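As a plain string of letters, each chain reads:
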Amino acid sequence: MKSAVETLNPTRVRLTVEVPFEELKDSLDAAYKKINQQVTVKGFRKGKIPARVIDQRFGRGAVLEEAVNDALPKFYTEAVNEAELDVLGQPEVDITELKDGDTLNFTAEVDIRPSLELPEDFSSIEVEVDAVEVSEEDIEKSVEQLRERFASTSPVERAAEDGDVVTIDLEAKVDGEVLEDGIASGVSYTIGSGELLEGIDDAVKGLEAGGEATFTSELKGGSAAGKESEVTVKVTQVAARELPELDDEFAQLASEFDTLEELRADSRKRLENMKQYDQATQAQERVLEKLLELVEVPVPEKLLEDEVNTRKHNLEHHQLGQMGLDLEKYLEIQGKTVEEFEAETKDAAVKGIKTQFVLDELVKREKLNVNQEELTEHLMRRAASSGMSPDQFAQAVVEGGQVPLLVGEVARGKALAVVVEAATVKDTNGEVIDLDDEDEVEPAADVAAEATEADATDADADKTEG
């Protein structure tokens, strides 16, 4: 077999392959054997029909077609390996010449990863991030949220007010008809929480137990999601919320600490840790933006088209479907036109592809590897963000053949951490931020995953793996 490569553009090549006919022998033998098992000829046992009889009865052309279909993937793969190409997606194959007993010639056009020129070092990159500052107001808010969790309620005989917990019955009608899934009884609702329908706060405020009101609201879910509904709400109980006193006794009730001051100190530490992680993530994102500006990355058209379609599909059929929305309603809520949505989706897809190309090239250059501990830690974080248990997520990953995808995310995270380590990161106070290795790699893997993938749990989300 002989092959040659013609570069059509930085992301696409044409392979020209010439195969001597004798190299088709194994595929021809397999073709005769396959046809033998599929057909019957009077006077011959199944599977024992001579080749000359098959040629006479079914045509040599049918045999050649079967043999070529069997052989093409093998010869294409040999040509790709010989040329050391990093191909993307499926090739467009065209048989240019097929002479029985002589030769098989074909061409294959396929997208490839472009050759990238990365900077020798990344010390020129400088970014600014938010300073880690925890105010007394932040601490008070955190403690107050904890206090809310330990609030108690007691029924009262008065009209409902903001902050009260009401027990209500609901009935929703659309076009005068009560919906099958539009009736709910004994629903507990905190006035002002915004957890139910728009307009319900105004409807129930001022009502005592036994009071009833009707209001109009757009349904958020169910069979009539997105439609205007006439909702009747009946209050069956009004309960006042009582917050515990902020004292040492509360600290002992709500935490492992003996005093309120110890609880406040712990709140400060936790808030600082959260803000430090957010700062590290912000650094990764901004360094990545700068990195992509430094590298010229051509994007294959077919790959971009596939990625855009994948992102749209995942949004419409997974995310919005779970929320009971369609794309039209989603765009209305977001205040976006179809054109704006298309442009944003394309921009995100372009950034995702460029991110993967650049970081993969850096992984190769720096010879970065992923060990089992790193993969397990990343899997645990991804499981937590998906709402699945680690075992469930791991099973889904294995069954979906996505282990290489997760390995790639961690490797890209390590590559991005290399760039961050070389870059200068300052906070808004002008202080240089020194992120340790753990701070760098963990958020970096998540940043890389978010940028490159349309849907982290979708088996075919990683369209750029060759």
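A few points on the structure.

What counts and how
- Residues numbered from 1 in each chain as written.
- Predicted model: local features only at pLDDT ≥ 70, side-chain atom pairs only at ≥ 80, totals over all residues.
- Heavy atoms only, no water.
- Helix = DSSP H or I, 4+ residues; strand = E, 2+ residues; numbered from the N terminus.
- Rg over C-alpha atoms; globule rule 2.2 N^0.38 Å.
- Buried < 20%, exposed > 50% of the residue type's maximum accessible area, 1.4 Å probe, protein only.
- Contact = heavy atoms within 4.5 Å.
- Pairing = 2+ DSSP bridges.
- Axes fitted to C-alpha atoms, helices over the stretch in contact; angles between N-to-C directions.
- Expected span 1.5 Å × (residues − 1).
- Arc of directions from axis to C-beta.
- Phe/Tyr/Trp six-rings, centres within 6.5 Å; stacked < 30°, edge-to-face > 60°.
- Core = buried A, V, L, I, M, F, W, Y, C linked by side-chain atoms within 4.5 Å.

Digging into the overall build of the protein chain
So, point 1. A count of helical and extended segments in the protein chain gives 14 helices and 11 strands.
So, point 2. Over its C-alpha trace the protein chain gives a radius of gyration of 32 Å, far above what one expects of a compact globule, namely 23 Å for 466 residues.
So, point 3. In terms of its C-alpha atoms, the protein chain occupies a principal-axis envelope of roughly 100 × 65 × 40 Å.
So, point 4. Out of the 466 residues belonging to the protein chain, those deemed buried represent 39%.
So, point 5. When contacts within the protein chain are restricted to residue pairs at least 6 apart in sequence, long-range pairs at least 24 apart make up 71% of them.

Re the pairing of strand E11 (residues 424-427)
So, point 1. The two faces of E11 differ: Val 425 and Asp 427 on one face are buried, but Thr 424 and Lys 426 on the other face are not.
So, point 2. Across four bridges, the pairing between strand E5 (residues 126-129) and E11 is parallel. Considered in E11, the bridge of Val 127 is made with Val 425.

Considering the sheet that holds strand E3 (residues 87-99)
So, point 1. Taken together, the four strands give an open sheet; going across it, the order is E1-E2-E4-E3, and neighbouring strands pair in antiparallel fashion. Of all strands in the sheet, those bounded by a partner on one side alone are strand E1 (2-9) and E3. Along the sheet, successive strands turn relative to each other by an average axial angle of 20°, direction set aside.
So, point 2. Where helix H3 (residues 60-83) meets the sheet, its contacts fall on E1, strand E2 (12-20), E3 and strand E4 (103-112), and the angle it forms with E3 comes to roughly 125°.

Regarding the side chain of Ser 27
So, point 1. Within the secondary structure, Ser 27 is located in helix H1 (residues 25-38).
So, point 2. Ser 27 gets classed as buried once you look at its relative accessible area, which sits at 3%.
So, point 3. Beyond its immediate stretch of four places on either side in the chain, Ser 27 contacts Ala 67, Asp 70 and Ala 71.

Focus on helix H4 (residues 136-149)
One full turn of an α-helix is made of 3.6 residues, so residues set three or four places apart face in the same direction.
So, point 1. Relative to the 20 Å expected for 14 residues at 1.5 Å per residue, H4 spans 20 Å between its end C-alpha atoms, a close match to the ideal helical length.
So, point 2. Among the residues of H4, those classed as buried are Ile 139, Ser 142, Val 143, Leu 146 and Arg 147. One side of H4 carries all its buried residues, which in axial view fall inside an arc of 140°. Along H4, the residues that are exposed and aim more than 90 degrees away from the buried face are Glu 137 and Lys 141.
So, point 3. Looking at the packing, one finds that the buried side of H4 touches helix H6 (248-254) and helix H7 (260-294).

Some details on the packing of aromatic side chains
So, point 1. For the structure on display, the rule yields one aromatic pair.
So, point 2. Judged by centre distance (6.2 Å) and plane angle (85°), the ring pair of Phe 150 and Phe 250 falls under edge-to-face. Here Phe 150 is found in the loop between H4 and strand E6 (152-155), whereas its partner Phe 250 is found in helix H6, with 100 residues between them in sequence.
So, point 3. Take Phe 150: its relative accessible area is 30%, and that puts it in the partly exposed class.
So, point 4. You can call Phe 250 buried: its relative accessible area is 2%.

A look at the environment of Asp 138
So, point 1. Among the secondary structure elements, Asp 138 is positioned in helix H4.
So, point 2. Classification of Asp 138 by relative accessible area gives partly exposed; the value is 25%.
So, point 3. Linking Asp 138 and Arg 268, residues 130 residues apart in sequence, is a C-alpha distance of 8.2 Å.
So, point 4. Discounting chain neighbours no more than four positions away, the residues touching Asp 138 are Glu 133, Leu 271 and Lys 275.

Observations concerning the nonpolar core
One broad rule of soluble globular proteins: the nonpolar side chains tend to lie buried together.
So, point 1. Ranked by internal contacts, the top residues of the largest apolar core, which has 40 residues, are Ile 125, Val 287, Leu 291 and Val 358.
So, point 2. Of all the secondary structure elements, the ones that give two or more residues to this core are E5, H7, helix H8 (301-323), helix H10 (338-366), helix H13 (403-422) and helix H14 (437-452).
So, point 3. In terms of residues, this core owes the most to one element, H10, which gives eight residues.

Looking at unusual backbone geometry
So, point 1. Within the chain, Glu 84 stands out as a residue other than glycine whose phi angle is a positive 55°.
So, point 2. Along the chain, Glu 84 turns up in the loop between H3 and E3.
So, point 3. Looking at Glu 84, the relative accessible area reads 71%, which means it is exposed.
So, point 4. With a phi close to 55°, Asp 175 is a non-glycine residue in the positive phi region.

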